[in-house]
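Read off the chains here:
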Amino acid sequence: MAKKGKSTKSGKLSEAQIAVHWQEEEYIHPSPEFIAQANMADRGIFERFSLDNFPECFKEFADLLTWEQYWQTTLDTSDAPCWKWFVGGKLNASFNCVDRHLPKYKNKAAIHFVPEPEEEALQAITYQELYVRVNEFAALLGDFAGLKKGDRVTLHMPMVPDLPVTMLACARLGIIHSEVFGGFSGQACADRIEDSGSHVLITMDAYHRGGKLIDHKVNADIAVEAAKKLGQKVDKVLVWQRYPGTNNTQSKYVKGRDFAVNDLLKDFAAKRVDPVPMLAEDPLFLMYTSGTTGKPKGCQHSTGGYLAYAAGTTKFVQDVHPEDVYWCMADIGWITGHTYIVYGPLALAASSVIYEGVPVYPDPGRPWRIAERLDVNIFHTAPTTVRMLRKAGPDEPAKYNYHFKHMTTVGEPIEPEVWRWYYDVVGKGEAAVVDTWWQTETGGFLCSTMPALDPMKPGSAGPAVPGIHPVIYDENGDEIAKGAGKAGNICIRNPWPGAFQTIWGDRERYVSTYYAKFCRNPESKDWRDWPYLTGDGAMQAEDGYYRILGRLDDVINVAGHRLGTKELESSALTVDEIAEAAVVPVADELKGRVPEVYVSLKPGVKDGGAAQAKVVKAIETTIGKIARPRNVYIVPDMPKTRSGKIMRRVLAAISNTLDIGDVMTLANPDIVEEIRVLVQGEEKLAIKKGPQDIERFGEEG
Ligand code: WTA
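Residues numbered from 1 in each chain as written. Predicted model: local features only at pLDDT ≥ 70, side-chain atom pairs only at ≥ 80, totals over all residues. Heavy atoms only, no water.

A. Structural view of the packing of helix H15 (residues 383-392) against helix H16 (residues 416-426). It is the contact of H15 with H16, at a shortest axis distance of 10 Å, that shows an interaxial angle of 70 degrees. The orientation of H15 relative to H16 falls into the category roughly perpendicular. On H16, the residues touching Val386, Arg387, Leu389 and Arg390 of H15 are Glu417, Val418, Trp421 and Tyr422. Split by residue class, the contact of H15 with H16 holds five nonpolar, no polar and three charged. (Axes fitted to C-alpha atoms, helices over the stretch in contact; angles between N-to-C directions. Helix = DSSP H or I, 4+ residues; strand = E, 2+ residues; numbered from the N terminus. Parallel < 35°, antiparallel > 145°, perpendicular 65-115°, else oblique. Contact = heavy atoms within 4.5 Å. Nonpolar A, V, L, I, M, F, W, Y, C, P; charged D, E, K, R; others polar.)

B. Region of the structure containing empty space enclosed by the protein. Evaluated as defined, the whole model comprises seven cavities of 30 Å³ or more. Put simply, the largest cavity is a space of about 90 Å³. Lining the largest cavity are 14 residues, and of these Lys12, Leu13, Asp554, Thr565 and Pro585 sit closest to its centre. Residue assignment for the lining of the largest cavity shows that the elements contributing at least two residues are strand E26 (555-558), strand E28 (578-588) and helix H20 (648-655). Of all the elements, E28 adds the most residues to the lining of the largest cavity, at three residues. Its residues assigned to classes, the lining of the largest cavity shows seven nonpolar, two polar and five charged. Of the voids in this model, the second largest cavity is the one considered here, and its volume is about 60 Å³. Residue composition of the lining of the second largest cavity, grouped by class: seven nonpolar, two polar and one charged. (1 Å grid on protein atoms, 1.4 Å probe; cavity = no way out; pocket = protein on both sides within 12 Å on 5 of 7 lines; lining within 4 Å. Points joined across faces, edges and corners; volume = space filled by probe spheres on them.)

C. Broad picture of the side chain of Arg547. Mapped onto the secondary structure, Arg547 falls in strand E25 (residues 546-551). The exposure class assigned to Arg547 is buried, which follows from its relative accessible area of 5%. A polar atom in the side chain of Arg547 sits 3.2 Å from the side chain of Glu24. (Buried < 20%, exposed > 50% of the residue type's maximum accessible area, 1.4 Å probe, protein only. Polar contact = N/O pair within 3.5 Å; in protein donor to acceptor, adjacent residues only side chain to side chain.)

D. Representation of the pairing of strand E18 (residues 378-381) in the model. Burial along E18 is two-sided: the residues Ile378 and His380 and Phe379 and Thr381 are all buried. As judged from the three bridges shared by strand E16 (residues 325-328) and E18, these two strands associate in the parallel manner. Counted as the bridge partner of Tyr326 is Ile378 from E18. The pairing of E18 with strand E19 (residues 406-410) spans four bridges and is classified as parallel. By the bridge assignment, Phe379 is partnered in E19 with Met407. Once you follow E18 into H15 and on to E19, the crossover reads as right-handed. (Pairing = 2+ DSSP bridges. Right-handed = clockwise from strand over helix to strand, strands pointing away.)

E. Structural view of helix H14 (residues 366-374). Looking only at H14, the buried set comprises Arg366, Pro367, Trp368, Ile370, Ala371 and Leu374. In this structure, the buried residues of H14 make contact with strand E4 (109-114), E16, strand E17 (351-355), E18, H15 and H16.

F. Layout of the site of the ligand. Asp435, Thr436, Thr440, Asp536 and Arg551 are the nearest of the 18 residues found near the ligand. Here Gly411 contributes a backbone N or O atom positioned 3.1 Å from a nitrogen atom of the ligand. When isolated, the ligand has an accessible area of 520 Å², and the protein chains bury 97% of it. At the level of secondary structure, the elements contributing two or more residues to the shell around the ligand comprise helix H13 (335-347), strand E20 (432-436) and E25. (Near = heavy atom within 4 Å. Areas by Shrake-Rupley, 256 points an atom, 1.4 Å probe, with all protein chains shown as cover.)

G. Seen up close, the nonpolar core. In terms of nonpolar packing, the biggest core is built from 125 residues, with Phe58, Leu130, Phe137, Leu141, Ile202, Leu238 and Tyr343 touching the most fellow members. Not counting residues within four places of it along the chain, the set of residues in contact with Leu141 comprises Gly146, Leu147, Ala169, Cys170, Leu173, Ile175, Ile202 and Leu238. (Core = buried A, V, L, I, M, F, W, Y, C linked by side-chain atoms within 4.5 Å.)

H. Main features of the sheet that holds strand E15 (residues 297-302). Taken together, the eight strands give an open sheet; going across it, the order is E12-E11-E8-E6-E7-E14-E15-E23, and neighbouring strands pair in mixed fashion. In this open sheet, the two strands that pair with only one neighbour each are strand E12 (258-260) and strand E23 (502-503). For E15 and E23, the ladder comprises two bridges, and the chain directions are antiparallel. Note on E23: the bridge partner recorded for Gln300 is Thr502. On the sheet, helix H9 (residues 186-196) packs against strand E6 (152-156), strand E8 (200-204) and strand E14 (283-289) and is oriented at approximately 170 degrees with respect to E6.

I. The arrangement of the pattern of salt bridges in detail. With the rule as written, the count across this model stands at 46 salt bridges. Residue Lys148 is joined to Asp151 by a salt bridge in which the shortest nitrogen-to-oxygen separation is 3.5 Å. Between Glu396 and Lys399 there is a salt bridge, and its shortest N-O distance comes to 2.6 Å. When its relative accessible area of 15% is taken as the criterion, Glu396 is described as buried. Several salt bridges share partner residues, and in doing so they unite Glu24, Lys457, Asp543 and Arg547 into one network. (Salt bridge = Lys/Arg side-chain N within 4 Å of Asp/Glu carboxyl O.)

Spatial relationships are all this shows, so hold off on functional conclusions.
See the structure below:
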């Protein structure tokens, strides 16, 4: 029996509770042509990866890699819940993604770079060319920047091939890279520089987005200054140039601190650097993600386990073969790009497409022109992009001559209607579609159909992938059976090699956030006592398919990007005029969810409009434009419990026009109607009831 879980009494209405309730959809089967060529068409894989064969089953993934030294212990649980995979094994990720392919594939494209300006030539970078660039830059990192194994380096780079070159050069030397999404602000970058203790920042002068050449180096100046205030000195800023030899930034190079990479590289021409053999357990990279408290968490991923899981899932779920042209239109600044643009595809000698810009630039036919031009046959994107492309150009795909054998959706729940457009129109009814559910923390997929083995079901992620064994717990820690029609906390029973190792520098937070809630015995060294808490709400249908409803915690998934409500609130509170702030998730037609901010003003503040604008600006500066709220409402007071806690649940219900529920226990119940009128207008709007058969979690008890 599981220990009784604590019920959360924070009074919030989570994403999962805002979930719309979709009806069960019919199955759609993959085509015989797809099955005939698939990397995994053998049902035996489920048996091979059953719990009876755990953990040895994961050798099948690890054997896709080239090991310098084989491991002795597949899974070491002695430091539970910090699991160690392939202990004693040695390998190098850069060698696995580059060098080992040279004998067979040196003249094959590793990367197809598609610049946003359509008149600019495409670049095919062969494995040989990638090898040369990675070696030269690794030499620079070692000899010029003085970086060595175990050092952390922060990258703040856009979608250009220099980014994977940088990552692989770090991996070659065992330097731990921490790439910050290019769209994040300089301040957000500084927080990550400080947390990771980076002395070197690698950036680019400029990049194209939405028809503009954006000056990016200016963010580096902000980041370095802000990091200094946080107590972290950056000694060197290495600046790649979007057009080598040309300066495209207003920012001045600070002497002795800022260096144009392209100038420095001249000294490293033709240099070769041996890949450093790393222990499987040595960290490969950090990827920061938002959590329930203020500070973003640095998820630490391992070399051996992560790479094995990336390669295994890319091969069997993404069905990537070396002869495929694979396009994942995510950003490398997120985990999807790390695993499924860079490490997974390159470990398998695939050709991976990197597109610099906005999907609908200059028009919504752009992605399909790229697909036609490169003859892309595997396509991977997020529901928010699918919704945008469907809205902007519903008939565009039919105008182009491309054929996808396989397509992926990732990052948020996809509405069955949107799924159908993706399948029928983008996939032309030919592609096997996988809806992949996973997280920054998990390194690779958790749930998805196996494309040649399972039928697709629109709106459902599918069963767990081989080797992953989920369980849904109610708030008391009791299992919810499949087909029960009830949602709960989806957890994973077992460790797996792709899982992050810890939160950088904060093991306690790692344990309390991901394992404490349903742990059966904190002293235990047995993995069976440590289910992994994903933080998502889910329900499992009779057929075993999972439907993910969204976050149960204080995280909002905006267009597939995770934002912490606390991060947004603290940034609103930096505005002088603001006394209190509360952020809630609101359903949005294109982005899935967006934040709305409720603020109350300090006494005596006259200009509410100015304060609103300042809140938006503060959020853009501290986090980035992706976090921009849909509305900032100024309220006379926040709805509060008698103990003074802000009742976000009430605000979220108002923002989503849901049933507000009982408010009589509040300290100030009258304020609720006042806020409702402010937000929804005088007329009483039709109240949508929350989904009846979804249990309501985390409400105020
Ligand atoms: C959500 C992105 C429904 C979920 C890879 C998870 C999804 C969070 C899906 C992780 C999906 C991801 N269906 N929801 N297929 N995939 N999510 O860390 O709430 O950026 O916890 O990783 O996105 O977001 P992250």
